[in-house]
Amino acid sequence: MADAESPVCAEGARFECFQCGNCCSGSPGYVRFSPEESERMAAHLGIDVDEFLRRYARKRGGRWSLKEIETEGGYDCVFLARDAETGSARCSIYPVRPEQCRTWPFWPENLKSPEAWESAAEGCPGMRRLGQTQRRGL
Ligand code: SF4
Ligand code: SF4
């Protein structure tokens, strides 16, 4: 989560999600989760953990990650629900999403410098809008 000592936080970085879905799609990647998180996600879906892992997860590098679905634009997390009418993209398991998702964009690598924050913001409009506005002193 946000680190008050971070140079990014010191510049007053702010974040507001626009539900564009960018952070849940794009190039192939990993959404890791702990055993406790798999239990919570499975319970939320009304299935047992074995079924959850079989249907929604895969093992990569010896660790579990959520499956992805190939789309025209890249790869969506299996739990990304796109609304063709409004263009919004929401997490269908939002209350029980893994910590990796809960803590975005306040990851240590994004907080290490204003440049790192700006770089990550290129794919996340929720970071770009308020972060850049503050940096420019507008
Ligand atoms: S990329 Fe940023 S604005 Fe878009 S859904 Fe993810 S967190 Fe929200
Ligand atoms: S679990 Fe939800 S928030 Fe996390 S990547 Fe998948 S759709 Fe996005």
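Conventions used here
- Residues numbered from 1 in each chain as written.
- Chains lettered and ligands numbered in written order.
- Predicted model: local features only at pLDDT ≥ 70, side-chain atom pairs only at ≥ 80, totals over all residues.
- Near = placed C-beta within 6 Å.
- Nonpolar A, V, L, I, M, F, W, Y, C, P; charged D, E, K, R; others polar.
- Axes fitted to C-alpha atoms, helices over the stretch in contact; angles between N-to-C directions.
- Helix = DSSP H or I, 4+ residues; strand = E, 2+ residues; numbered from the N terminus.
- Parallel < 35°, antiparallel > 145°, perpendicular 65-115°, else oblique.
- Contact = placed C-beta atoms within 7 Å.

### Quick word on the site of ligand 2
Step number 1: The immediate surroundings of ligand 2 are formed by Cys24, Val31, Leu66, Cys77, Phe79, Leu80, Cys91, Ile93, Arg97 and Cys101.
Step number 2: Residues of the shell around ligand 2, tallied by class, amount to nine nonpolar, no polar and one charged.

### Let's talk about the packing of helix H2 (residues 35–45) against helix H3 (residues 49–56)
Step number 1: At their nearest, the axes of H2 and H3 sit 9 Å apart, and the two run at 90 degrees to each other. Looking at the two axes, H2 sits roughly perpendicular to H3. Where H2 approaches H3, its residues Ser38, Glu39, Met41, Ala42 and Leu45 are matched on the opposing element by Val49, Phe52 and Leu53.
Step number 2: For the contact of H2 with H3, the residue count by class is six nonpolar, one polar and one charged.

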